[in-house]
Amino acid sequence: MGKFQFGKVRLQIGSRLRRPVGLFAFKGLAYLMLGLYLLSIPRSVVSLSDVSLQTHKLTSDAWSAKGLHLSLNQTARGLSLQLTVSEFNHQALAGSVKGIDFRCAEMQQVDHSFFCQKGRLSIAESPYGAQQADVGLKYIDSEHIEIKLDGLLIAEGGISFVLNMTKAGWQLNLDGAQLSIDGLRALLPSEILPQAWDVSGWLSIKAKLSGVTSSLQQAEVSVEIKQLNYADEEGLQVAENGSGSLHVEAEQSDLKWVGSAHLLLNQGQYYSDPYYIEVTESPLHLTLKGDWSAAQNQLQLEQVDLQLRPVIELKGSGQLDLTEFAIQHAEVQFETAHLDELYKTIIQPLVIGSMADELEITGALQGEIELVEGEVALIRTQLKSIDVEDLRGVFALNGLQGSLAWSNSEKAQASRFKVESGHLYQIPHGPLAVRLQALPNGISLLKPLDIPLLGGHIIIDRLEANHIFHGSPEWETGAEVINLSLEELSTAFDWPTMSGKLNGKLPTMHYQDESLDFDGALKVDVFGGQIEVEQLRIKQPLGRVPELFAAAEMKGLDLEQVTRTFSFGHIEGGLEGWINGLHLLNWEPVAFQAQFNSPADDDLPHRISQRAVDNLTSIGSGMGGSLQNTFLGIFKEFRYNRIELQASLNGDLAELGGIDHPDGGYYLVKGAGLPRIDVIARNRRVAWKTLVERLKNIRVEGMKVR
């Protein structure tokens, strides 16, 4: 039971006194209203003198209080008031508030209204520690109340506020300065500031809140943040020396919250896997406007404006399901004049480990993206004077401009763009005009692509690519080679100068599981004959370590054209041969078996120059023949019967051979007529590096062997 004593008048009521209060939106302050609540009880006297009220417990829907005692005493200067509460709990508080003591030595009474200009509040124990604060009260009646509080210490900083309550509603103006972010951890939901994170920094806050009963109706909040540092346990979310501000305005309308938010980051380094942003000269601005439906937990953004100069400027709108944290629909327009910054900040972190993770790229870009149910549904992009250089030297594109479009609908999107110049490996190419259509998970050419290079052309007559956006990419194409200059090809690869033209029909090529395979044989007309390449396969052709597998057969080659091209020394006659099991790793040979020889039915003249003999001798034995030092030096050319060279490589060891010689060696050149000259070698095994050194030392004009 509760007992209330007014002078000589005693009232006795039930131990639980319930009356809807609903006056507080700021946690920890409701207990200040208990005394005012008691003061509002109807009295049978006009003035109060030596009034003492006490009860065991008071409760409402949001709070409860135990051990309440209110004393009012008449003094020469007016009334003195003391309110004590042994324990107070509120649904918004993280724990109990104990040992509450509020005193006002000079409380003025005007009719049924009370005013306290200089009250003092002390709290022995609370979730925010012990407290001492100055309090000002204006109690007009139970429906007109004002509370001013200054000096609360929370999270190492100071809190002050002014709370006004009327019949129409309430309004709270809050000011917090130099609050420790780590100290606020216990006051915030774990989703905002997880307990396992390392956090430091300071914030100041200004808030203007208003509502009706216990409901918040309007809010305007400004937060300043300085020296922000945080890191999660895995190191995937990190900030160092961050600073910025957040301003939020919102009001409740038609069961929704409508408002806006503006975030400014003007200093610091921020990493959110896989993105890293360093804010120095240009701050990050993010503005959001829209509404939030509590019933559906759905956020409707009418305006999204992001500025991170010089990286990107972005505008858009969208609808998000906050329960599943999923984008239901969004439309975004983006623009950048610094594609290099966009690549380093946004694109490169997403493509690490792919062929696109080591690029140097400049130019401008603008476009739009549409997302539906979290998936990209449409992309349209305008390319403006873009230059792309692969830092590994694989490719380059210069002066790229045009439009790219893609959608995940069955209706194909047309794209058109041009390239002024570029190169693939060391081979430069001229202008390109590309027309293609983008399918939901692939692309195809709308017209053949003419690639001018090496004084000729490569015509790609068709290209069908699938699974390039999801899954493992694969594509199929076919091409034709027309009049490629061997002289320009040799210059591009720093080979000895070759002459002639290269023509051929490339078989159908398939790319699947990072492997490029050729159907049928690749036939090339060169040196008066034909080279036919079969079983051609390239694994990871644009990767870091490409691998090539192939076999080849040569027919009807004219040695005079071959040796004239390579300046090896003059040789006349025919040449045929084969290469099996060819394996190149990063374009360096690691295995093959090969043979080159004179055709059995060759009807061309067989003649070989002194310099060609010396070079062949050097290959077989490592020592030049030095015919100049013998009587044969007076002859510039010799007749021969047959030439044959066999070679195989397996790892680091090469094996050489030719036409068997009776004493165990082998002929590289078997002479004929007089004066007769034979080139005979005896060493059949040699280290591959040694053989390469021999090739480097042969007297070939302008040739570099690597």
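On a predicted model such as this, the values are computed, not experimentally measured, just so you know. (Residues numbered from 1 in each chain as written. Predicted model: local features only at pLDDT ≥ 70, side-chain atom pairs only at ≥ 80, totals over all residues. Heavy atoms only, no water.)

### Quick word on the overall build of the chain
Each helix and strand counted, the chain has six helices and 47 strands in total. Counting the 706 residues in the chain, one finds 41% classified as buried. Here the contacts in the chain between residues at least 6 apart in sequence split such that 47% fall between residues at least 24 apart. Taken as a whole, the chain presents about 37,100 Å² of accessible surface, with 53% of it coming from carbon and sulfur. (Helix = DSSP H or I, 4+ residues; strand = E, 2+ residues; numbered from the N terminus. Buried < 20%, exposed > 50% of the residue type's maximum accessible area, 1.4 Å probe, protein only. Contact = heavy atoms within 4.5 Å. Areas by Shrake-Rupley, 256 points an atom, 1.4 Å probe, with all protein chains shown as cover.)

### Comments concerning the nonpolar core
Counting residues in hydrophobic clusters, the biggest one holds 88 residues, and the most contacted among them are I386, I458, F592 and I608. Non-local contacts of I458, meaning those with residues more than four positions away in its chain, are made with L449, D450, I451, L453, A479, E480, V481 and L484. (Core = buried A, V, L, I, M, F, W, Y, C linked by side-chain atoms within 4.5 Å.)

### Regarding the side chain of S485
You can see S485 is positioned in strand β32 (residues 474–485). Within the structure, S485 has its side chain in polar contact with the backbone nitrogen of E488 (distance 3.1 Å). Other than its neighbours up to four places away in sequence, S485 contacts L454, G500 and K501. (Polar contact = N/O pair within 3.5 Å; in protein donor to acceptor, adjacent residues only side chain to side chain.)

### Section: unusual backbone geometry
Note that the residue after D273, namely P274, is joined by a cis bond; omega there is 5°. Inspection of the secondary structure puts P274 in the loop between β16 (256–272) and β17 (275–279). The amide bond that connects R309 to the next residue, P310, takes the cis arrangement and shows omega of 5°. In this structure, P310 sits in the loop between β19 (298–308) and β20 (312–321). We note that D111 has phi near 55°; this positive angle belongs to a residue other than glycine. Structurally, D111 can be placed in the loop between β7 (97–110) and β8 (113–125).

### Regarding the packing of aromatic side chains
Evaluation of the coordinates by the stated rule reveals two aromatic pairs. Positioned above the aromatic ring of Y667 is the side chain of K670, whose terminal nitrogen or guanidinium carbon lies 5.5 Å from the ring centre. (Phe/Tyr/Trp six-rings, centres within 6.5 Å; stacked < 30°, edge-to-face > 60°. Lys NZ or Arg CZ within 6 Å of the ring centre and 35° of its normal.)

### Details of the pairing of strand β28 (residues 432–439)
By the alternation rule, side chains of β28 split into L432, V434, L436 and A438, which are all buried, and A433, R435, Q437 and L439, of which none is buried. Sheet analysis places strand β25 (residues 413–419) next to β28, joined by seven bridges and oriented antiparallel. Bridge pairing in β28 links A414 to Q437. Inspection of the sheet shows β28 paired to strand β29 (residues 442–445) by four bridges, in the antiparallel sense. The partner of L439 across the bridge, within β29, is G442. (Pairing = 2+ DSSP bridges.)

### Some thoughts on the side chain of S80
Among the structural elements, S80 can be located in strand β6 (residues 78–90). Here S80 falls in the buried class, since its relative accessible area comes to 19%. In contact with S80, not counting residues within four places along its chain, are S71, L72, N73, T75, C104 and A105.

### Observations regarding the environment of G657
Along the chain, G657 falls in strand β43 (residues 653–657). Sequence spacing of G657 and L645 is 12 residues, and the spatial spacing of their C-alpha atoms is 6.0 Å.

### Focus on the confidence of the model for the chain
With 85% of its residues at a pLDDT of 70 or more, the chain has an overall mean of 81. The low-confidence segment residues 622–635 (pLDDT under 50) makes 26 contacts with residues lying over four places distant or belonging to another chain. For the stretch residues 698–706, pLDDT sits under 50, and the model shows 25 contacts to residues farther than four places along the chain or on other chains. (pLDDT = per-residue confidence, 0-100.)

### Points about the state of the cysteines
Per the stated rule, a full pass over the model turns up one disulfide. Residue pairing for C104: its cysteine sulfur links by disulfide to C116, the two sulfurs lying 2.0 Å apart. When the S-S torsion is 110°, as for the bridge of C104 with C116, the disulfide is right-handed. Here C116 lies in strand β8 and C104 lies in strand β7, a separation of 12 residues in the sequence. Residue class for C104 comes out buried when judged on its relative accessible area of 1%. Under the relative-accessibility criterion, C116 is labelled buried at 1%. (Disulfide = S-S within 2.5 Å.)

### Some words on a positive patch on the surface
Together, R416, K418, R435 and K447 give the surface a local cluster of positive charge. Checked against the element boundaries, R416 lands in strand β25. Using a relative accessible area of 45% as the deciding quantity, one classes R416 as partly exposed. (Patch = residues over 30% accessible without salt bridge, like charges linked within 9 Å, V, L, I, M, F, W, Y side chains within 5 Å. Salt bridge = Lys/Arg side-chain N within 4 Å of Asp/Glu carboxyl O. Lys, Arg positive; Asp, Glu negative; His and termini not counted. Charge placed at Lys NZ, Arg CZ, Asp CG, Glu CD.)

### Considering the environment of N408
As for its position among the elements, N408 is in the loop between β24 (395–407) and β25. Distance from N408 to A438, taken between C-alpha atoms, is 8.9 Å for residues 30 residues apart in sequence. Residues within four places of N408 in sequence aside, it is in contact with V376, A377 and P440.

### Overview of the pairing of β7
Strand direction decides the pairing type here: β6 and β7, joined by eight bridges, are antiparallel. Residue pairing across strands places Q82 opposite R103, the latter belonging to β7. Counting the residues between successive antiparallel strands, the hairpin from β7 to β8 contains two residues, one of them, D111, with a positive phi of roughly 55°.

### Structural notes on the environment of Q646
Mapping Q646 onto the fold places it in strand β42 (residues 637–650). A relative accessible area of 28% places Q646 in the partly exposed class. Measuring from C-alpha to C-alpha, the distance between Q646 and N597 comes to 8.5 Å, with 49 residues separating the pair along the chain. With residues up to four places along the chain from it excluded, the contact list for Q646 reads A594, Q595, E655, L656, G657 and G658. Polar contacts involving the side chain of Q646 include one to the main-chain carbonyl oxygen of G658, which spans 3.4 Å.

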